[in-house]
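Structural overview
Each chain, written out:
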Amino acid sequence: MVDKLRGKVRQKALGSLKHWEKVEGRDAISKAFRFGDFNEAFGFMSRVAIMAEQMDHHPEWFNVYNQVVVTLTTHDAGGVSERDIKLAKFIDRIAGRKAIAELSKAEKIKKAKSKRQN
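Residues numbered from 1 in each chain as written. Predicted model: local features only at pLDDT ≥ 70, side-chain atom pairs only at ≥ 80, totals over all residues. Heavy atoms only, no water.

1. Notes on the pattern of salt bridges
- In the structure shown here, the tally under the stated rule is 4 salt bridges.
- With a closest N to O distance of 3.3 Å, D27 and K4 form a salt bridge. On the criterion of sequence distance, the pair formed by D27 in the loop between β1 (21–22) and β2 (29–34) and K4 in the segment before α1 (7–15) is long-range, its members being 23 residues apart.
- With a relative accessible area of 27%, K4 lands in the partly exposed category. (Salt bridge = Lys/Arg side-chain N within 4 Å of Asp/Glu carboxyl O. Helix = DSSP H or I, 4+ residues; strand = E, 2+ residues; numbered from the N terminus. Buried < 20%, exposed > 50% of the residue type's maximum accessible area, 1.4 Å probe, protein only.)

Written out as structure tokens, the structure reads:
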């Protein structure tokens, strides 16, 4: 059985991930990705699925057109484990800079709209 990460080990592991956020109300981490189109998003999900199957560790995710939101937690451990960190690092590697840049651009637009409304 895999153990839930705790204390300094947890802080160090989570600190090694870029742009992964804690999920409110759960011991889980999440990250959103935006791709050029549905084909790129689906290709990304397929590559993650192959690795997840090899690891016997499956993500929770949500996909709409070119956007994919991935949530990671280890249910058997009751929270974030080393498996989640390993899968998150793999996901970041295969997502590539383009997906992260697209998401960053979308977040900036969303913030600008929000500021105009306030």
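The structure having been displayed, the exposition proceeds.
2. As for the side chain of R10
- As for its placement among the helices and strands, R10 is situated in helix α1.
- Of the residues examined, R10 reaches a relative accessible area of 19% and is grouped as buried.
- There is a polar contact of 3.5 Å between the side chain of R10 and the backbone oxygen of L5.
- Not counting residues up to four positions away in its chain, the partners in contact with R10 are L5, D27 and V80. (Polar contact = N/O pair within 3.5 Å; in protein donor to acceptor, adjacent residues only side chain to side chain. Contact = heavy atoms within 4.5 Å.)

3. Looking at the side chain of T71
- Counting through the fold element by element, T71 comes out in strand β4 (residues 67–72).
- Accessibility expressed as a relative area gives 13% for T71, which makes it buried.
- For T71, the side chain forms a polar contact with the side chain of S30, separated by 3.4 Å.
- Those residues in contact with T71 that sit more than four places away from it in its chain are V23, R26, A28, I29, S30, P59 and E60.

4. Let's talk about the nonpolar core
- Formed by 24 residues in total, the largest nonpolar core has its most connected members in W20, I29, F33, F44, V70, L72 and I91.
- Of all the secondary-structure elements, those providing two or more residues to this core are α1, β2, α2 (38–55), β4 and α3 (82–117).
- In terms of residue count, α3 provides more of this core than any other element does, 7 residues in total.
- I91 has contacts with W20, F33, F44, V48, V70 and L72, leaving out every residue within four places of it along the chain. (Core = buried A, V, L, I, M, F, W, Y, C linked by side-chain atoms within 4.5 Å.)

5. Things to note about unusual backbone geometry
- One non-glycine residue, D56, lies in the positive phi region at around 55 degrees.
- Considering the arrangement of structural elements, one finds D56 in the loop between α2 and β3 (60–64).
- Given the relative accessible area of 52%, D56 is considered exposed.
- Phi at Y65 takes a positive value of approximately 45 degrees, unusual for a residue other than glycine.

6. Things to note about the confidence of the model for the protein
- On average, residues of the protein score 87 in pLDDT, and 84% of them reach the 70 mark or higher.
- α3 is the least confidently modelled element of the protein, averaging 75 in pLDDT, while β3 averages 95, the highest of any element. (pLDDT = per-residue confidence, 0-100.)

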